[in-house]
Structures are given as structure tokens and as C-alpha cells.
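Below are the chains, spelled out letter by letter.
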Amino acid sequence: MTGAASTNAGQLLALYEQMAVIRRTEKAAHDLFLAGLVKGTTHLASGHEAIAVGASAALRDDDYVFATYRGHHHALARGATPEECLAELMSRATGLCKAKGGSMHLTKASHNMLGSYAIVGAHLPMAVGAAWSARLRGTGQIAVAFFGDGATNIGAFHESLNLAAVWKLPVLFVCENNLYMEYTPIADVTAVANPAADRAPAYGIPGEVVDGNDVVLVQEAVGRLADRARAGDGPSLLEAQTYRHFGHSRSDPATYRPAEEVERWLKHDPLDLARGRLAELGVPEEAVTEADARATDLVQQAVDAAKQAPAADPREALTDVWADGGAAWRT
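Rules used throughout
Residues numbered from 1 in each chain as written. Predicted model: local features only at pLDDT ≥ 70, side-chain atom pairs only at ≥ 80, totals over all residues. Heavy atoms only, no water. Phe/Tyr/Trp six-rings, centres within 6.5 Å; stacked < 30°, edge-to-face > 60°. Helix = DSSP H or I, 4+ residues; strand = E, 2+ residues; numbered from the N terminus. Buried < 20%, exposed > 50% of the residue type's maximum accessible area, 1.4 Å probe, protein only. Core = buried A, V, L, I, M, F, W, Y, C linked by side-chain atoms within 4.5 Å. Contact = heavy atoms within 4.5 Å. Axes fitted to C-alpha atoms, helices over the stretch in contact; angles between N-to-C directions. Left-handed = near helix turned anticlockwise from the far one by under 90°. Nonpolar A, V, L, I, M, F, W, Y, C, P; charged D, E, K, R; others polar. Pairing = 2+ DSSP bridges.

Trainee: Go over the packing of aromatic side chains, please, and point to the residues and values.
Mentor: Each aromatic ring pair is described using two quantities: the centre-to-centre distance and the angle formed by the ring planes. All told, the structure shown has four aromatic pairs when counted by the stated rule. Pairing Tyr-180 with Tyr-256 gives two aromatic rings, centres 5.5 Å apart and planes at 55°, and the pair type is tilted. Taken together, the positions of Tyr-180 in strand β5 (residues 180-181) and Tyr-256 in the loop between β8 (236-241) and α8 (259-266) put the pair 76 residues apart, joining distant regions of the chain. With centroids separated by 5.9 Å and ring planes inclined at 75°, the aromatic side chains of Tyr-183 and Tyr-256 adopt a geometry described as edge-to-face. On the criterion of sequence distance, the pair formed by Tyr-183 in the loop between β5 and β6 (184-185) and Tyr-256 in the loop between β8 and α8 is long-range, its members being 73 residues apart. Residue Tyr-256 is classed as partly exposed on the basis of its relative accessible area of 28%. Through successive ring pairs, a cluster of aromatic residues spans Tyr-180, Tyr-183 and Tyr-256.

Structure follows, in C-alpha cells:
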């Protein structure tokens, strides 16, 4: 399913429900953290749902996806369940990575969601490598690297774009520009207005800006650029403009953001935009209400199951380190 024209009412309702599940899972993660059941910290993606859901709807199941430490929405969009994700955050044995990754490293390798990475920009070269592998094997797969606006000012971003362009690799770079690189406005430290898209011409590749809160527009843009990559025309760079509803992490109250800016973006909520589109397509309000209710029930069941799941066994800490299950260091 790619392109805005192919998104009918039933498909859009399904995308809305998926975003609703992600929003409620994020809220559950927030509440569980405040209750002391999630250790460490969390980087919530509330407000970014349309990017993950719209992009995933435009991709093949076997395409590769790489995300940042703010990656709950991508793991869920690529097939991880709320129960798996919340159990991982709560260090349960039933967690997505058996409690070895936590909030910042959600991974669903069986669905080619090849990880969330805490080192800013570290996964961009990895996506280039995955794209090279796909082309070498002739599978028609593409690799998609999602990253924040702050990554556009580090070396790995430029190195990855350059090599991908030189080799014309089937890779799509998607910047989730939420205006802030942690606590610093990206506009204060960047020479161009669009930190990702405006850099694309330097590497001879297409650079586009899309409303990252409109799931249909994201789906259409990713679908078109993915088709371009599969056709052998090389990489593209998509800058999806969005806004996080919470601070950078749970230790950040985000008081540095102007109140009028926050208010303006909260009125441009991805779920509200999708509801508006559904109304325009004639979808009854009760159908949307039912989708919300299903999302609420699913996440509540996930919370209950994660709370009841056994804690991770420390004896399992050194398993899954290597492909053969061993843990010995090798030369």
C-alpha cells in the first residue's frame, strides 16, 4: 500500500488505530516510569506517531528499518507488540530483547527492524551497509534510517549520504525534525533552514520536506521515494517536520520551549489530523471511537501482562551476544 491515492477509509482507519496504540503505549511507559517500574530513563515519541506509521505503511515487510533511542514508535510500527515493548522497559523476561536493551535499544530483528541506537547518527552508516547488502543480493529491499535533526550536524550523516550517493544505494534517510537537538533549537546552530533536506543538493540527491504529523502525506512521500530507490535511482532524504509532546527524556520538563510554540504544535496533533481526514472520507465517529477503545484495551492488557511477567534472569545476561549463543570474546 503506497501513495495517498491508495489510502481509502478502511486503510486510514487502520493507520489511525495503530497510531492510537502507539500513543497509549507511550503514555503507559510514562506512567510506569513515574510509578518506579521503569528504571533508567525513557525518550518518548508521543507526537511522532505519523512518521513511523505512515512510513511503515509504505514499506515492504522485508525492508530494513533503523531508529534512534527515541524509537518506541518504530518498533511498534514494524510489528513489536505493546506487551513486548513495555515488558522490555520494565526489565521483564518477556521483553522484546529479554530485558537486555531497555527503552533505548528496542529491536525486532525478525521483522527487519534492526535496532534503536543511543549514539547519535551511529546507525546511518549501518543503513548504508544494509542497502549495499540488499543490492548485492538483488532482493529489491531498501534500508530506511530514521534520525533526529541533531544528527544532521555530525560526520556520520554526511559520510553516509556521500557514500550512498556515490554507490547509488537503495537507502532512504528520514529526518524526524522536532525542532530541538535535545535542549538546543536546531535553527540556532544550523546554517540552513531545513537541516536535512537543504543538505541533500550537496550530494546530488533529492531532498524533500513533508508534514510529519500527517500520516497520509508521510505514507505518500515514503512510498514514492522507496519506489525510486528500488528502481535503482539511489538514495533520497526526507525531512519530516514534527514535535515531541514531552521533553527530551523523562528528566527534562522542557521549560525551554515557548508556550505559544507548544500550543501551536499540540493543535497539529497527528491523531487529530487523521481524525479530520477520516471525517472527510465519511467514516462515522463511532468507528473512530471503537478504534480508540480497542487501542486502550490492548495497551491496558499489555500493561497488566508486563507487570505479571517474571523478572529477567541474570543468568541469561551473556546469552544472545553472538549468533551462536556464546559469550566468549574472540580475536
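Trainee: Mind laying out the nonpolar core, listing which residues take part and the relevant values?
Mentor: Within the largest apolar cluster, 61 residues are counted, with the highest numbers of intra-cluster contacts made by Leu-86, Val-215, Val-222 and Leu-238. No other element matches the eleven residues that helix α1 (residues 9-34) contributes to this core. Filtering out sequence-adjacent residues up to four positions away, Leu-86 remains in contact with Thr-25, Ala-28, Ala-29, Leu-32, Ala-302, Val-303 and Ala-306.

Trainee: An account of unusual backbone geometry is needed here, citing residue identities and associated values.
Mentor: Even without glycine at this site, Ser-91 takes up a positive phi of about 60°. Relative to the helices and strands, Ser-91 is located in the loop between α4 (82-89) and β2 (113-117). A positive phi angle, near 80°, is found at Leu-179, a position not held by glycine. For Leu-179, the position within the fold is in the loop between β4 (171-177) and β5. Taking relative accessible area as the criterion, Leu-179 reaches 26% and is therefore assigned partly exposed.

Trainee: Can you explain the packing of α1 against helix α10 (residues 285-308)? Please cite residues and give values.
Mentor: The geometry of α1 relative to α10 is characterised by a closest axis approach of 9 Å and an angle of 40° between their N-to-C directions. Classified by chirality, the crossing of α10 by α1 is right-handed. On α10, the residues that touch Leu-13, Tyr-16, Glu-17, Ala-20, Val-21, Arg-24, Thr-25, Ala-28 and Leu-32 of α1 are Ala-287, Val-288, Ala-291, Asp-292, Arg-294, Ala-295, Thr-296, Leu-298, Val-299, Val-303 and Lys-307. The class makeup of the residues in the contact of α1 with α10 is 13 nonpolar, two polar and five charged.

Trainee: Break down the sheet that holds β4 for me, citing the residues and quoting the values.
Mentor: Judged by pairing direction, the sheet is parallel, and its six strands sit side by side in the order β2-β1-β3-β4-β8-β7 without closing on themselves. For this open sheet the edge positions go to β2 and β7 (207-211), each flanked by a neighbour on one side alone. Neighbour-to-neighbour, the strand axes of this sheet turn through a mean angle of 20°, independent of strand direction. Relative to β4, strand β3 (residues 143-148) runs parallel, the two sharing six bridges. The residue of β4 that forms the bridge with Gly-148 is Glu-176.

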